[in-house]
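Spelled out, the chains give:
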Amino acid sequence: MNIKINWWKTNFNNKFYKIYYYYLKLNYSAYIDNLINFADLNKNDKILDLACGSGNHLIALRNKGFNNLTGIDYHYANLARKNIRNFNIKIKNGDMRKIFGVGVYDFIMIASTSFGYFNENDNKKVLKNCYKALKPGGKLFIDNLSLKFVINNFQAKDWKKFKTNVFFLEERELSKDKKYLSSNWYLIEKGKLYKLANKLRLYSSKEFNKLFREVGFRKTKIKELKAHNWFLSEK
């Protein structure tokens, strides 16, 4: 499966939005409840949602009493601004590979497998930028696909019916070294076919721990879910 290195520049278009935010019904409120407990968040914490997408996680946080919220996104910042216009949340356009603050935040979250889009050096640069942007004692949260789950439950193809005349098909390929998961997404909507491609670096828990230590984080807590692993690292 030949997917371009910079696939992420064109993948997050209106069709990705339709698949991820419209057809896939995600329970953001429950997700944030679990995150609050896992990370022991305080309502006075200054929180950054890095790669915030359309702003749904931020809205869920705001609805639970968190007031000091910021989102950064490369593609969907304008959409997020539109969605959160009544919630007093700051939204910025930005690239997570570039410095976005020094000693500013109590908590940074990279949710919904939004880490691992780049080459090894740039992925590590993202972690370094997070470390710089956190206050002393601040925490970084990453939600990533479980490498163990992907290997043990690998399916080359599957499909879903979203609604009448709307189907979603996915074909996958795991690299020989089991470090990268490449996927082609096909949305068939009222007889029309749309294709998206993505490639995600999969990290084992051991690899993540090593990366966090190299960047400077002191300790990491891990929560293994069915298909995802949650990582919480403290500066």
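Look a little higher up for the structure.
Basis of the calculations
- Residues numbered from 1 in each chain as written.
- Predicted model: local features only at pLDDT ≥ 70, side-chain atom pairs only at ≥ 80, totals over all residues.
- Heavy atoms only, no water.
- Pairing = 2+ DSSP bridges.
- Helix = DSSP H or I, 4+ residues; strand = E, 2+ residues; numbered from the N terminus.
- Axes fitted to C-alpha atoms, helices over the stretch in contact; angles between N-to-C directions.
- Phe/Tyr/Trp six-rings, centres within 6.5 Å; stacked < 30°, edge-to-face > 60°.
- Buried < 20%, exposed > 50% of the residue type's maximum accessible area, 1.4 Å probe, protein only.
- 1 Å grid on protein atoms, 1.4 Å probe; cavity = no way out; pocket = protein on both sides within 12 Å on 5 of 7 lines; lining within 4 Å.
- Points joined across faces, edges and corners; volume = space filled by probe spheres on them.
- Nonpolar A, V, L, I, M, F, W, Y, C, P; charged D, E, K, R; others polar.
- Salt bridge = Lys/Arg side-chain N within 4 Å of Asp/Glu carboxyl O.
- Contact = heavy atoms within 4.5 Å.

(A) Summary view of the sheet that holds strand S6 (residues 157-163). On the basis of which strands lie adjacent, the open sheet formed by four strands has the order S6-S7-S8-S9 and antiparallel pairing. With partners counted over all chains shown, the strands left at the sheet margins are S6 and strand S9 (192-201), one partner each. Averaged over neighbouring strand pairs, the angle between their axes works out to 20 degrees when direction is ignored. Examined bridge by bridge, strand S7 (residues 166-174) and strand S8 (residues 180-189) share nine bridges and lie antiparallel to one another. In the sheet register, Val 166 faces S8, and the bridge partner there is Glu 189.

(B) Representation of the pairing of strand S10 (residues 219-224) within the structure. Examined bridge by bridge, S10 and strand S11 (residues 228-234) share six bridges and lie antiparallel to one another. Within S11, the position partnered with Glu 224 by the bridge is Asn 229.

(C) Summary view of the packing of aromatic side chains. Summed over all chains, the structure comprises 24 aromatic pairs. Pairing Trp 7 with Tyr 117 gives two aromatic rings, centres 5.0 Å apart and planes at 70 degrees, and the pair type is edge-to-face. You can see Trp 7 sitting in the segment before helix H1 (8-11) and its partner Tyr 117 sitting in the loop between strand S4 (105-110) and helix H6 (120-133), a full 110 residues away along the chain. Summarising the burial analysis for this pair, Trp 7 and Tyr 117 share the class buried. Where Phe 16 meets Trp 185, the ring centres are 5.5 Å apart and the plane angle is 10 degrees; that geometry is what we call stacked. Remark: Trp 185 occurs in strand S8 and Phe 16 occurs in helix H2 (residues 14-23); sequence separation between them is 169 residues. Trp 185 shares its class with Phe 16; the two are buried. Here the aromatic cluster, defined as three or more aromatic residues joined through ring pairs, consists of Trp 7, Trp 8, Phe 12, Phe 16, Tyr 74, Tyr 117, Phe 118, Phe 162, Phe 168 and Trp 185.

(D) Structural view of the layout of surface pockets. What the second largest pocket holds in volume is close to 230 Å³. Forming the walls of the second largest pocket are Met 1, Asn 2, Ile 3, Lys 4, Asn 6, Trp 7, Thr 10, Asn 11, Asn 184, Lys 195, Leu 196 and Ala 197. When residues of the lining of the second largest pocket are traced back to their parent elements, those giving at least two are H1 and S9. For the lining of the second largest pocket, the element with the highest residue contribution is S9, accounting for three residues. Here the lining of the second largest pocket is composed, by residue class, of five nonpolar, five polar and two charged.

(E) Quick peek at the pattern of salt bridges. Scanning the entire structure with this criterion turns up 14 salt bridges. Linking Glu 207 and Arg 201 is a salt bridge whose minimum nitrogen-to-oxygen distance equals 3.1 Å. A salt bridge links Glu 234 to Lys 219; its shortest N-O distance comes to 3.9 Å. Residue Glu 234 is found in strand S11, and its partner Lys 219 is found in strand S10; the two are separated by 15 residues along the sequence.

(F) Examining the sheet that holds strand S5 (residues 134-145) more closely. Here seven strands make up an open sheet; going across it, the order is S3-S2-S1-S4-S5-S11-S10 and the pairing mixed. Sheet topology places strand S3 (90-93) and S10 at the edges, where each strand pairs with a single neighbour. Across the sheet, the mean angle from the axis of one strand to that of its neighbour is 15 degrees, orientation sign disregarded. Inspection of the sheet shows strand S2 (residues 69-73) paired to S3 by four bridges, in the parallel sense. Note on S3: the bridge partner recorded for Thr 70 is Lys 90. With respect to the sheet, helix H4 (residues 56-63) is in contact with strand S1 (47-50), S2, S3 and S4, its orientation differing from that of S2 by roughly 175 degrees.

Distances and angles like these do not, on their own, reveal function.
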